[in-house]
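Below, each chain spelled out in residue letters.
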2 protein chains.
Amino acid sequence: SISGSDLFFKCENFQKAGAFKIRGAANAVLSLSNEEKKHGVCTHSSGNFAQALALSAKLCGIKAFIVMPKTAPEVKIKAVKGYGAEIILCEPTLASREETSEEIVKIKGATFIHPYNDYRVIAGHSSLVMEMLQQVKGTLDFIVSPVGGGGLISGISLAVHYLSPKTIVIGAEPEAANDAFQSLKTGIIQPSLNPKTIADGLLTSLGDKTFPIINELVNEIITVSEKEITEAMKIIWERMKIIVEPSSAVTLAVIIKTKEKFRNMKTGVVLSGGNVDWGRVPFLT
Amino acid sequence: SISGSDLFFKCENFQKAGAFKIRGAANAVLSLSNEEKKHGVCTHSSGNFAQALALSAKLCGIKAFIVMPKTAPEVKIKAVKGYGAEIILCEPTLASREETSEEIVKIKGATFIHPYNDYRVIAGHSSLVMEMLQQVKGTLDFIVSPVGGGGLISGISLAVHYLSPKTIVIGAEPEAANDAFQSLKTGIIQPSLNPKTIADGLLTSLGDKTFPIINELVNEIITVSEKEITEAMKIIWERMKIIVEPSSAVTLAVIIKTKEKFRNMKTGVVLSGGNVDWGRVPFLT
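So, here is what we can say about the structure in this document. This one's a predicted model, so the numbers in the text were calculated from it and none came from an experiment.

Considerations on the interface of chain B and chain A
Contacts between the two partners involve 15 residues from chain B and, on the opposite side, 15 residues from chain A. Considering only the surface of chain B that becomes buried against chain A, Lys241, Trp278 and Leu284 of chain B emerge as the three largest contributors, covering 54% of it. Inspection of the chain B/chain A interface yields 0 salt bridges. The interface formed by chain B and chain A includes 8 residue pairs in polar contact (both at pLDDT 80 or more). Split into classes, the residues belonging to the side of chain B that touches chain A amount to 8 nonpolar, 4 polar and 3 charged.

Following this line, the structure appears as structure tokens:
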């Protein structure tokens, strides 16, 4: 009734490790050869992918080496350690992350798995669409997904392309980190320059594997303000009584902002995760 | 794994109006004669029952008069108004609440429905047990329920008595508002004197209808500290990614505190509601 649309929420906040990332991480780990498994996996992430890969590796009985900036919140480092991963701290720059990862790969023989710019990860995320179509028992007119590095929306739009080609995929992005919007507009990858948004899962730039998929298959990217994100997040907490992180709320924010588009339509709304930094909930501070 | 027990959570935070109270309120409204319906219903409550009765009345097309202390938070008054009820403000004392309610009943001819000390309300709450037994597909060794005025646990223990007599019902209460614990111990109703707990749904004393049921059918009441309540609440928010109010978290707090009792048992855990005062979440301030 907020939007005049039938909304079906895909609650990835209830996933293992609290976010959709486990889909891609698990698929990547399960794709390894026995030889590769012996040497473990490596990634650089301070966010949900770090936890997801650590858990996937643990469940598969293999090692995980996670490169994290030394500025990462203690609680995130602890969570990754809790899944039994080995943490390697680096400087908080992309260059340091990449160098450190390369070194680990060289020394340990681990397989590098990028948090989103990796076909195994993208393919894993596709599983979300199949589940969603089964759960709604029918077709969807729209699916709205957050866009950060583009791994999730790439997986979604590939699956939609094959399983439900009439469904329109819309990306939801913060105005304050609108590099995907700009990339789609200009036809080339635009880097995410100094993004400042509460939706801290959506800070990254698109990759050379995710951008072409998005460019071909995503219908449109709609951006929302920080205020719109915060208000949508509060609605989800208050009315639905579930915990989602700010990056999840951008999808509902888009639907509320552009409600005419969704009126009388059946819309799938991806709530991507629920890992919240308790000190940074905007309507509580 | 927190308790070594199989826990089945009954998530009343997802109920209409955000709490279990809609069960009793709806049953009470549906029990009215056509003549009574013409004149509406009245209660005094600043909490979840006010919203539940207002919504039940609205769905039934009848009037609701809700007596609320003038010190009630603006957000709660607004929520009740949002359901179309007429609000009558009174002084923040039990005497003023009761006097004001009596006056409304006299002037308007409305039927008074007590928030918990009412057999129609108690009977409505019983429906929770039938649902829960269907959902767990089998029996439960324990059901743990919060105790405030005793309406919920009375309904639960009556239903258990008839539908699943081997299930043991345990009450969960804050140490700082342990009047039900004291009442069960002494065999007479002990008033709730100056209770100070974050579990603000559990401040009230037992009633002359709820106490005898509890005294006969509730196996035991276990109390928990404010710290234990807060920690349990944080676990529910953080791990289960759902919003519950502090009064709900006392049940999990009891299970964590006395985990030996529940080891290898199947336990139903009632999460009674999810209406949170955002300014008063203990681990966020």
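Details of the side chain of Ser145 of chain B
Residue and element names in this part refer to chain B. Tracing the sequence through the fold places Ser145 in strand 6 (residues 142–146). The class of Ser145 is buried, set by a relative accessible area of 0%. Dropping the residues within four chain positions of it, Ser145 is found in contact with Leu152, Ile153, Ile156, Ile170, Gly171, Ala172, Thr251 and Val270.

Examining the packing of aromatic side chains
Scanning all chains against the criterion turns up 11 aromatic pairs over all chains. Put simply, the rings of Trp237, Trp278 and Phe283 of chain A together with Trp237, Trp278 and Phe283 of chain B pair up and form one aromatic cluster. The ring of Tyr119 of chain A carries Lys209 of chain A above its face, with NZ or CZ at 5.8 Å from the centroid.

What about the pairing of strand 9 (residues 266–271) of chain B?
The side chains of a regular strand alternate, residue by residue, between the two faces of the sheet. Residue and element names in this part refer to chain B. The buried fraction of strand 9 amounts to 5 of the 6 residues, a majority that puts the element mostly inside the structure. The pairing of strand 1 (residues 6–11) with strand 9 spans 6 bridges and is parallel. Residue pairing for strand 9: Cys11 is matched across the bridge by Leu271. Across 3 bridges, the pairing between strand 6 and strand 9 is parallel. Within the sheet, the bridge partner assigned to Val144 lies in strand 9 and is Val269.

Rules used throughout
- Residues numbered from 1 in each chain as written.
- Chains lettered and ligands numbered in written order.
- Predicted model: local features only at pLDDT ≥ 70, side-chain atom pairs only at ≥ 80, totals over all residues.
- Heavy atoms only, no water.
- Contact = heavy atoms within 4.5 Å.
- Buried area = accessible area lost by both parts, 1.4 Å probe.
- Salt bridge = Lys/Arg side-chain N within 4 Å of Asp/Glu carboxyl O.
- Polar contact = N/O pair within 3.5 Å; in protein donor to acceptor, adjacent residues only side chain to side chain.
- Nonpolar A, V, L, I, M, F, W, Y, C, P; charged D, E, K, R; others polar.
- Helix = DSSP H or I, 4+ residues; strand = E, 2+ residues; numbered from the N terminus.
- Buried < 20%, exposed > 50% of the residue type's maximum accessible area, 1.4 Å probe, protein only.
- Phe/Tyr/Trp six-rings, centres within 6.5 Å; stacked < 30°, edge-to-face > 60°.
- Lys NZ or Arg CZ within 6 Å of the ring centre and 35° of its normal.
- Pairing = 2+ DSSP bridges.

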